[in-house]
Amino acid sequence: MAGPMLRAGAWPAVVLLSCVAAVVGGFGAAFPAAITLFPVGFALLAAAAAFTLDEPASMVVDVTPTGPVRRTAIRALALLAPLAAGALVLLAAGLRGLALPWPATGLALAGNVLLGFTVACVARTRTGEPGAAASGAVVLVLMAPILVPPVAGWIRTFPASGGGLSSDAVWWTVLAVCVVAIAISISGRSLPRWMPSVP
Amino acid sequence: MTAALAPARPEAAAGRTAFAALAARELRRFAVNPVFLAGLGMITWILVTDPGGNVPEIDAISGYPAAFLGGFGMMAAFWLTRSMNPSEPVTGVTPVTLPARTAALCTVAILPFACGCLALLWFIRLHPVGLHMYGAFSRPAQVAILTSQIAVPALGGPLLGVALGRWVRFPGAALVVFLFIFGWVNLVTVPSLFHPDSAPVTLLRMFSPFAFFTLRPIHGDPSHIIAWRGSPWFFLGWQLILCAIAVLVALLRGADGRLRSRIIRALMIVAAGAMIMLTLAGTGGFAHPVSL
């Protein structure tokens, strides 16, 4: 069961986005002055994670005896691709001698990937292919501190100097919320009625 | 004389009517797209809350309209274009050809461009040209820089979105391109920080749909503004040619016969023009960075 489930995943999208993220993050490691490239690369990894649950044959798959917990667990293996790409970027940064706060950066990487996966999990209760919409939403949220000046003063999604809520606090909170959201979404409960379905 | 006064062919008139109706419909769909509205809302909020006057570094604030009108406009146009793909078996048999429908989609760029022009005027009202933050550039050059950073990206972004929507099947392509361009602009700016005198580095900085022209020195007197090399006017020309390339590439999808060969010929001419404009943008302007 695990083999066919994994084969049916949106691997081209996950691998392509992970590779682009690795390239963008790699440039960030190569040119320390362009530190902004790290959060951009991490946002791309979150987008890659959002595609892991895409199921074009959801009309058939959703009525098979394999429940959402097992299906999600199998598909979660695909998260290894964005996590590996992120680890590669951090390794490159380490080899270049960049003085990043490594535990906080690792937490930000895990948080970005899990956030993308969680949004896909929640959207998967309403649509078979949540990747496009989920990745869009996640990227816009994660890019907000870079694109919107006041948001950068409130919270930080990447460990760097500056004001606002520290990235550690943000990501520990996000991780806790994500675990609860995943648990609810794969337990068979659908979204509240007021929440529209994803087209 | 008789030929000039002869009425237009009825098919041409019908084609124009159908095109106008299609363009109006696409414009309405774009105007209510939540991604575009979100970008428009963000830029309105940023401009409303901007206190105006002199700021330490103009580049810290001039890029937001490009991201929110150009970047978000690109994503909205991409999804607008792709949204018609499932109905292609039905729309494909209508008398309106795919290039005509693509041309109608391209007209939606008028809306974000108009918003970009308004944002530009608002920005100039808040930060009048001639302030110290614009560096040593002449006043017309300062207007050219602001036009290239605020108004033209709002035109080019949606056009690029239509081209992507026509050619790329991957649903997240617009996001990837948005983030890639964002990263690329940051990346190609970095070498200019360390080698501001270098012509190849200036050319690399210009090889992008968006470019910075000034810098507040990190070391040394922070009140100084360094005006980088590069011609703002030719960069504006390069950006407009990129817009033309996006339109032609979008129109190429589904074009056949004579129309296809005409588009390809036009693309080659425009590509040659782009190379010339890029070279002039990289080599024009100040011979050396000028500090003010």
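Structural notes on the overall build of chain B
Here is step 1 of the chain: Helix and strand content of chain B: 13 helices and 3 strands.
Here is step 2 of the chain: Here chain B has a C-alpha radius of gyration of 21 Å; the compact-globule value for 292 residues is 19 Å, and the two agree.
Here is step 3 of the chain: Projecting the C-alpha coordinates of chain B onto the three principal axes gives extents of approximately 65 × 45 × 40 Å.
Here is step 4 of the chain: Considering chain B as a whole, with its 292 residues, one finds that 45% of them fall into the buried category.

Concerning the overall build of chain A
Here is step 1 of the chain: Secondary structure summary: chain A contains 10 helices and 0 strands in total.
Here is step 2 of the chain: In chain A, the order of α-helices and β-strands from amino to carboxyl end is α-α-α-α-α-α-α-α-α-α.
Here is step 3 of the chain: The buried share among the 199 residues of chain A stands at 42%.
Here is step 4 of the chain: Pairs at least 24 residues apart make up 72% of the contacts formed inside chain A by residues separated by at least 6 positions.

Description of the environment of Pro99 of chain B
Here is step 1 of the chain: As for its position among the elements, Pro99 of chain B is in helix H7 (residues 98-106).
Here is step 2 of the chain: As a C-alpha pair, Pro99 of chain B and Leu252 of chain B span 153 residues in sequence and 7.1 Å in three-dimensional space.

Focus: the sheet that holds strand E2 (residues 226-227) of chain B
Residues and elements named next belong to chain B.
Here is step 1 of the chain: Within the open sheet, the 3 strands sit side by side as E1-E2-E3. Their pairing is antiparallel. Two strands lie at the open edges of the sheet, namely strand E1 (214-215) and strand E3 (290-291), each paired on one side alone.
Here is step 2 of the chain: Summarising the sheet, E2 and E3 pair through 2 bridges and their orientation is antiparallel. Looking across to E3, one finds that Ala227 is bridged to Val290.

Here's the deal with the nonpolar core
Note that soluble globular proteins tend to have their nonpolar side chains buried in a common cluster.
Here is step 1 of the chain: With 139 residues, the main nonpolar core has Leu44 and Ala46 of chain A as its most contacted residues.
Here is step 2 of the chain: For this core, the element with the most residues is helix H9 (residues 139-167) of chain B, which contributes 14 residues.
Here is step 3 of the chain: Once residues within four sequence positions are removed from consideration, Leu44 of chain A is found in contact with Leu17, Val20, Ala21 and Val24 of chain A together with Leu179 of chain B.

Remarks on the environment of Ala274 of chain B
Residue and element names in this part refer to chain B.
Here is step 1 of the chain: Considering the arrangement of structural elements, one finds Ala274 in helix H13 (residues 257-283).
Here is step 2 of the chain: Given 18 C-beta atoms within 10 Å, Ala274 falls into the partly exposed group.
Here is step 3 of the chain: C-alpha separation for the pair Ala274 and Ile241, spaced 33 residues apart in sequence, amounts to 5.9 Å.
Here is step 4 of the chain: Other than its neighbours up to four places away in sequence, Ala274 contacts Trp238, Ile241, Leu242 and Ile245.

Describing the interface of chain B and chain A
Here is step 1 of the chain: Chain B puts 16 residues into the contact, and the matching count from chain A is 22 residues.
Here is step 2 of the chain: When residues of the side of chain B that touches chain A are traced back to their parent elements, those giving at least two are helix H5 (64-82) and helix H10 (173-194) of chain B.
Here is step 3 of the chain: When residues of the side of chain B that touches chain A are assigned to their parent elements, the largest contribution, 10 residues, is made by H10 of chain B.
Here is step 4 of the chain: Looking at the side of chain B that touches chain A residue by residue, the classes come out as 13 nonpolar, 3 polar and no charged.

Here we look at helix H8 (residues 131-147) of chain A
Residues and elements named next belong to chain A.
Here is step 1 of the chain: Between its terminal C-alpha atoms H8 stretches 23 Å, which fits the 24 Å expected from 17 residues at 1.5 Å a residue.
Here is step 2 of the chain: Approximately 25° is the largest bend angle found in H8, and it occurs at Val141, with the proline Pro145 only one to four residues beyond.
Here is step 3 of the chain: Buried residues dominate H8, accounting for 13 of its 17 residues.

Side note on the confidence of the model for chain B
Here is step 1 of the chain: Per-residue confidence for chain B averages 87 on the pLDDT scale, and 95% of its residues sit at or above 70.
Here is step 2 of the chain: Per the prediction output, this complex has pTM 0.82; the corresponding ipTM is 0.71.

Points about the packing of H9 of chain B against helix H12 (residues 232-252) of chain B
All names here are of chain B.
Here is step 1 of the chain: One can describe the packing of H9 onto H12 by two numbers: an axis separation of 9 Å at closest approach and a directional angle of 15°. Between H9 and H12, the angle falls in the class roughly parallel. Here H9 and H12 pass one another in a crossing that is left-handed.
Here is step 2 of the chain: Split into classes, the residues belonging to the contact of H9 with H12 amount to 20 nonpolar, 4 polar and 1 charged.

A look at the packing of helix H3 (residues 37-50) of chain A against H10 of chain B
Here is step 1 of the chain: It is the contact of H3 of chain A with H10 of chain B, at a shortest axis distance of 10 Å, that shows an interaxial angle of 165°. The orientation of H3 of chain A relative to H10 of chain B falls into the category roughly antiparallel. Note that H3 of chain A runs across H10 of chain B; the crossing there is left-handed. Contacts from Leu37, Val40, Ala43, Leu44 and Ala47 of chain A of H3 of chain A reach H10 of chain B at Leu175, Leu179, Phe182, Gly183, Asn186 and Leu187 of chain B.
Here is step 2 of the chain: A per-class count over the contact of H3 of chain A with H10 of chain B returns 9 nonpolar, 2 polar and no charged.

Describing helix H7 (residues 102-124) of chain A
Here is step 1 of the chain: The end-to-end C-alpha distance of H7 of chain A is 33 Å, a good match for the 33 Å that 23 residues give at a rise of 1.5 Å each.
Here is step 2 of the chain: Summarising burial for H7 of chain A: 17 of the 23 residues are buried, a large majority.

Conventions used here
- Residues numbered from 1 in each chain as written.
- Chains lettered and ligands numbered in written order.
- Predicted model: local features only at pLDDT ≥ 70, side-chain atom pairs only at ≥ 80, totals over all residues.
- Helix = DSSP H or I, 4+ residues; strand = E, 2+ residues; numbered from the N terminus.
- Rg over C-alpha atoms; globule rule 2.2 N^0.38 Å.
- Buried ≥ 20, exposed ≤ 12 C-beta atoms within 10 Å, placed from the backbone.
- Contact = placed C-beta atoms within 7 Å.
- Pairing = 2+ DSSP bridges.
- Core = buried A, V, L, I, M, F, W, Y, C linked by C-beta atoms within 7 Å.
- Nonpolar A, V, L, I, M, F, W, Y, C, P; charged D, E, K, R; others polar.
- Expected span 1.5 Å × (residues − 1).
- Bend = angle between axes of the 7 residues up to and from the residue.
- pLDDT = per-residue confidence, 0-100.
- Axes fitted to C-alpha atoms, helices over the stretch in contact; angles between N-to-C directions.
- Parallel < 35°, antiparallel > 145°, perpendicular 65-115°, else oblique.
- Left-handed = near helix turned anticlockwise from the far one by under 90°.

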